[in-house]
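Residues per chain, in single letters:
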Amino acid sequence: MKDCVFCKIINKEIASEIVYEDNYTIIFKDLNPKAPVHLLAVPKKHIDSVMDIKNLSAEEFLAIFKAIADTAKELNLDADGFRIVTNTGLAAGQSVNHLHFHVLGKRIFSWPPG
Ligand code: 5GP
Ligand code: ZN
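What counts as what
Residues numbered from 1 in each chain as written. Chains lettered and ligands numbered in written order. Predicted model: local features only at pLDDT ≥ 70, side-chain atom pairs only at ≥ 80, totals over all residues. Heavy atoms only, no water. Donors = N, O, S within 2.8 Å, 3.2 Å for Na, K, Ca; no water. Tetrahedral: all angles 85-135°; square planar, octahedral: opposite > 155°, others 65-115°. Buried < 20%, exposed > 50% of the residue type's maximum accessible area, 1.4 Å probe, protein only. Near = heavy atom within 4 Å. Polar contact = N/O pair within 3.5 Å; in protein donor to acceptor, adjacent residues only side chain to side chain. 1 Å grid on protein atoms, 1.4 Å probe; cavity = no way out; pocket = protein on both sides within 12 Å on 5 of 7 lines; lining within 4 Å. Sits in = over half its atoms within 2 Å of the grid points. Helix = DSSP H or I, 4+ residues; strand = E, 2+ residues; numbered from the N terminus. Nonpolar A, V, L, I, M, F, W, Y, C, P; charged D, E, K, R; others polar. Core = buried A, V, L, I, M, F, W, Y, C linked by side-chain atoms within 4.5 Å. Contact = heavy atoms within 4.5 Å. Salt bridge = Lys/Arg side-chain N within 4 Å of Asp/Glu carboxyl O. Pairing = 2+ DSSP bridges. Axes fitted to C-alpha atoms, helices over the stretch in contact; angles between N-to-C directions.

Caption draft 1: Structural view of the coordination of the zinc ion (ligand 2). All of the protein donors around the zinc ion (ligand 2) are Cys 4 (SG), Cys 7 (SG), His 46 (ND1) and His 98 (ND1); their distances to the metal are 2.0 to 2.3 Å. Of note is the zinc ion (ligand 2), whose 4 donor atoms meet at the metal with angles of 102 to 116° in an arrangement that counts as tetrahedral. Judged by relative accessible area, Cys 4 falls into the buried class, the value being 6%. A residue is classified by how much of its surface remains accessible, and Cys 7, at 7% relative accessible area, is buried.

Caption draft 2: Just the site of ligand 1, in detail. Around ligand 1, 16 residues are found, and the nearest of them are Lys 29, Asp 30, Asn 87, Ser 95 and His 102. Within the contact set of ligand 1, an oxygen atom lies 3.1 Å away from a backbone nitrogen or oxygen of Val 96. A distance of 2.9 Å separates an oxygen atom of ligand 1 from a polar side-chain atom of His 100. When atoms are counted within 2 Å of each cavity's grid points, the one that captures over half of ligand 1 is the largest pocket. Counting residues per element, the ones that place at least two in the shell around ligand 1 are α1 (5–10) and β2 (25–29). Counted by class, the shell around ligand 1 contains 7 nonpolar, 7 polar and 2 charged residues.

Caption draft 3: How the structure looks around the nonpolar core. Counting residues in hydrophobic clusters, the biggest one holds 14 residues, and the most contacted among them are Ile 27, Ala 41, Ile 64, Ile 68, Phe 101 and Val 103. The element that contributes the greatest number of residues to this core is helix α2 (residues 58–74), accounting for 4 residues. In this structure, Phe 101 is in contact with Leu 39, Leu 40, Ala 41, Phe 61, Ile 64, Phe 65, Ile 68, Ile 84, Val 85 and Thr 86, ignoring residues within four places of it in sequence. If you look at the next biggest cluster of nonpolar residues, it comprises 10 residues, including Cys 7, Ile 10, Val 42 and Val 96.

Caption draft 4: Quick peek at the pattern of salt bridges. With the rule as written, the count across this model stands at 5 salt bridges. Of the charged contacts in the structure, one is a salt bridge between Lys 12 and Glu 21, with a shortest N-O distance of 3.2 Å. Salt bridges sharing common partners tie together Lys 12, Glu 21 and Lys 44.

Caption draft 5: The sheet that holds strand β1 (residues 18–21), seen in detail. The strand order across the open sheet formed by 5 strands is β1-β2-β3-β5-β4, and the pairing between neighbours is antiparallel. Looking at the sheet topology across the chains shown, the edges are occupied by β1 and β4 (82–85). Neighbour-to-neighbour, the strand axes of the sheet open up by a mean angle of 20°, direction not taken into account. When β1 meets β2, the two strands line up antiparallel, connected through 3 bridges. Among the inter-strand pairings, Ile 18 is bridged to a residue of β2, identified as Phe 28. Strand contacts of α2: β1, β2, β3 (37–43), β4 and β5 (101–105), with the helix running at about 40° to β2, the strand carrying the most contacts.

Keep in mind that these numbers describe shape and distance, not what the molecule does.
Structure (structure tokens):
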């Protein structure tokens, strides 16, 4: 989608530190990390948020979480635990309207989140 920063990252129009990529999913490092490991797992198909999840196929959706699990294993995030977050809408602080899952690891996380 035009003017979407994550579509530009997917199309390699904007550089990013990619840690995983397949036909359906890309995972890259967040520009402004909030933890020692802070990745963004993003479907290559543009949908605005989880509210449009019906526009992803089951295969596309499963691919995101398989990619997260594989990457978490690769980076050893599962040893101590890690957090997956998807902000949806203004009150939650969503600032990029292309569905993405924050993958945060290598520190202790409090609950409830702020
Ligand atoms: P949200 O605020 O929508 O939950 O998360 C958007 C995330 O995208 C933020 O954590 C922000 O740091 C990250 N971000 C925004 N623009 C870029 C960019 O151009 N490159 C990368 N790697 N991350 C970005
Ligand atoms: Zn997009």
